[in-house]
Amino acid sequence: MFLKNLSLLNYKNFESKNLEFDSKINCFVGDNGVGKTNILDSIYHLSFGKSYFNPVSSQNIKHGTEFFVIEGIFQKADKEEKIVCSLKKGSKKIIKRNGKPYERFADHIGVLPLVIISPADRDLILEGSDVRRKFMDGVISQSDKEYLQSLINYNKVLSQRNALLKYFAANHTFDKTTLNVYNEQLERYGTDIFTKRLKFLDEFIPIFKEQYIAITNNTEEVNLTYDSKLIDEELKTLLENNIDKDKALQYTSVGIHKDDLNFTIRDYPIKKFGSQGQQKSFLIALKFAQFHFMQEISKTKPILILDDIFDKLDEHRVSHIISLVNQENFGQIFVSDTHAERTEAVVKKIHQTYKIFKLES
Ligand SMILES: Nc1ncnc2c1ncn2[C@@H]1O[C@H](COP(=O)(O)OP(=O)(O)OP(=O)(O)O)[C@@H](O)[C@H]1O
């Protein structure tokens, strides 16, 4: 699968842009702020229906305009797929596949597998557990539609249960029967999500460790473990045991929405005890493991987006990444960099054909 054509209208800093891509390697070069990452993000948008960098959709509309349109033509086996993603201020986003609008965006997830490696990934280490859950959910959802549906249902019931707890507090009342209706639904969806996260990590963790060794060329003990209260106790029991606490807090304090992933190096949290280089390698290993995993499941090579990684990584690591990409017999790659010559020198090592797009402000 590869992206043949991309058209942008009023997307971030682009008023109008039309690009035709190479089926293998495409590079965007230019000074800081010319919009290299914005183009990569528009490609991400076509795959995930949202921006990787700015979750507030309306902020992706070019300043001073009222709407944006991203159009992509993909070649999938011997078929063309046209994906259009558009947003008008004050309206709902529309995603169309071959002219037909999706009723549920969730149905689009997984249609165009894509992996992005970007400096913004550091949030996976530095930020809260929600970022790590989102990563895990994103990978699983691309290969399991029911998982995404369970997640959507779980979050809906969770906010209803939280609203009920707030109502109880505001009205000095409590009704166990109504709360139990929500508990039962949370148990159903939550247990499904937990089981699938467990199974996913069982397959994903060994791939991740292999990737880390390949990138760093050493056997430094890194680990990724699942942190969930559901490992020791069923959600039903957890919810029951925490009713008093939930009533006091006015929100649901236990469940899969509290799960986390622990990232460690020699058994210590990588956030505190990993060097910057180790943290970067850890993140790249995570993303390469994601690539592997998705490729296995979808039987398609995901599109690989490498945003600004040459600038932020040392040469040793870049050459490792390149050799990994080589071994992978990769699909289509999009790269952004500020240095045209450096980019060309690197991509030449990967493949003899490539396209370089020079962006100017
Ligand atoms: N909604 C928007 N409307 C207009 N311009 C926007 C919008 N959102 C972002 N921009 C502009 O896009 C530019 C940033 O583009 P981008 O991050 O793609 O740059 P880049 O070429 O990747 O830069 P760097 O090399 O520094 O990473 C900024 O000038 C920013 O102001």
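Everything numeric here is computed off the predicted structure, so don't read it as measured data. (Residues numbered from 1 in each chain as written. Predicted model: local features only at pLDDT ≥ 70, side-chain atom pairs only at ≥ 80, totals over all residues.)

Participant: I tried to follow the sheet that holds strand β13 (residues 333-337) on my own but got confused; where do I start?
Facilitator: Across a sheet, strands are paired by hydrogen bonds formed along the backbone, either parallel or antiparallel in direction. Judged by pairing direction, the sheet is parallel, and its five strands sit side by side in the order β8-β12-β13-β3-β14 without closing on themselves. Looking at the sheet topology across the chains shown, the edges are occupied by β8 (114-117) and β14 (355-358). Here the average twist between neighbouring strands, direction ignored, is 15 degrees. Summarising the sheet, strand β3 (residues 25-29) and β13 pair through five bridges and their orientation is parallel. Of the residues in β13, the one forming a bridge with Ile25 is Ile333. Contacting β3, β13 and β14, helix α12 (residues 340-350) runs over the sheet at an angle of about 170 degrees to β3. (Pairing = 2+ DSSP bridges. Helix = DSSP H or I, 4+ residues; strand = E, 2+ residues; numbered from the N terminus. Axes fitted to C-alpha atoms, helices over the stretch in contact; angles between N-to-C directions. Contact = placed C-beta atoms within 7 Å.)

Participant: What's the story with the domain arrangement of the protein chain in this structure? I'm lost.
Facilitator: A common way to express how large an interface is: the accessible area buried when the components associate. Each assigned domain of the protein chain is listed here: domain 1 (1-113 + 301-361) and domain 2 (125-299). With centres defined by C-alpha atoms, the gap from domain 1 to domain 2 works out at 28 Å. Of the residues lining the interface, 12 residues belong to domain 1; the matching set on domain 2 comes to 17 residues. Per-element tally for the side of domain 1 that touches domain 2: the top contributor is helix α11 (residues 315-327), with four residues. (Domains from an automatic or database assignment.)

Participant: How do you make sense of the site of the ligand when you look at a structure like this?
Facilitator: Inspection of the region around the ligand gives 18 residues, with Asn13, Asn32, Lys36, Thr37 and Asn38 positioned closest. Per element, the largest residue contribution to the shell around the ligand is three residues, and it comes from helix α1 (residues 36-48). Here the residues of the shell around the ligand are counted per class, giving two nonpolar, 12 polar and four charged. (Near = placed C-beta within 6 Å. Nonpolar A, V, L, I, M, F, W, Y, C, P; charged D, E, K, R; others polar.)

Participant: Explain the environment of Ile207 to me, please; I cannot follow it from the model alone.
Facilitator: Of note, Ile207 is situated in helix α5 (residues 176-216). Among the residues examined, Ile207 registers 18 C-beta atoms within 10 Å and is labelled partly exposed. Each C-alpha atom of the pair Ile207 and Val84 lies 34 Å from the other, and the pair is 123 residues apart in sequence. Residues within four places of Ile207 in sequence aside, it is in contact with Ala289, His292 and Phe293. (Buried ≥ 20, exposed ≤ 12 C-beta atoms within 10 Å, placed from the backbone.)

Participant: Looking at this model, I keep getting lost on unusual backbone geometry. Mind explaining?
Facilitator: With the exception of glycine, most residues fall at negative phi, and the peptide bonds are largely trans. The phi angle at Asn10 is positive, at roughly 55 degrees, despite the residue not being glycine. Considering the arrangement of structural elements, one finds Asn10 in strand β1 (residues 2-11). Owing to 21 C-beta atoms within 10 Å, Asn10 belongs among the buried residues under this scheme. Backbone geometry at Lys12 places phi at a positive 45 degrees, although glycine is not the residue there. Looking at where Lys12 falls in the secondary structure, it is placed in the loop between β1 and β2 (14-20).

Participant: How should I be thinking about the UniProt feature "binding site: ATP" (unreviewed entry) in the protein chain in this particular structure?
Facilitator: UniProt marks Gly30, Asp31, Asn32, Gly33, Val34, Gly35, Lys36 and Thr37 with the feature "binding site: ATP" (unreviewed entry), using the numbering shown here. Counting through the fold element by element, Asp31 comes out in the loop between β3 and α1. Residue Asp31 is classed as exposed on the basis of its 10 C-beta neighbours within 10 Å. Discounting chain neighbours no more than four positions away, the residues touching Asp31 are Thr338 and Ser361. When you line up the elements, Val34 lands in the loop between β3 and α1. Ignoring any residue separated from it by four or fewer positions in sequence, one finds Val34 in contact with Leu359, Glu360 and Ser361. (UniProt positions renumbered as here; feature names shortened; annotations may be inferred.)

Participant: Looking at this model, I keep getting lost on helix α4 (residues 145-170). Mind explaining?
Facilitator: Structurally, the α-helix is built with 3.6 residues per turn, so residues lying three or four positions apart point the same way. The end-to-end C-alpha distance of α4 is 38 Å, a good match for the 38 Å that 26 residues give at a rise of 1.5 Å each. Taken together, the buried positions of α4 are Tyr147, Leu148, Ser150, Leu151, Tyr154, Val157, Leu158, Arg161 and Leu165. Those residues of α4 that are buried are in contact with α3 (129-141), α5 and α7 (243-249). Downstream of α4 by one or two residues, His172 has phi in the positive range, about 45 degrees. (Expected span 1.5 Å × (residues − 1).)

Participant: Honestly, the sheet that holds strand β10 (residues 260-265) in this entry has me stumped. Any pointers?
Facilitator: Strand order in the open sheet formed by three strands is β9-β10-β11, and the pairing between neighbours is antiparallel. Strand pairing shows two members of the sheet lacking a second neighbour, β9 (222-227) and β11 (268-269), which therefore form its edges. In this structure, β10 lies alongside β11, joined through two bridges in antiparallel fashion. In the sheet register, Ile265 faces β11, and the bridge partner there is Tyr268.

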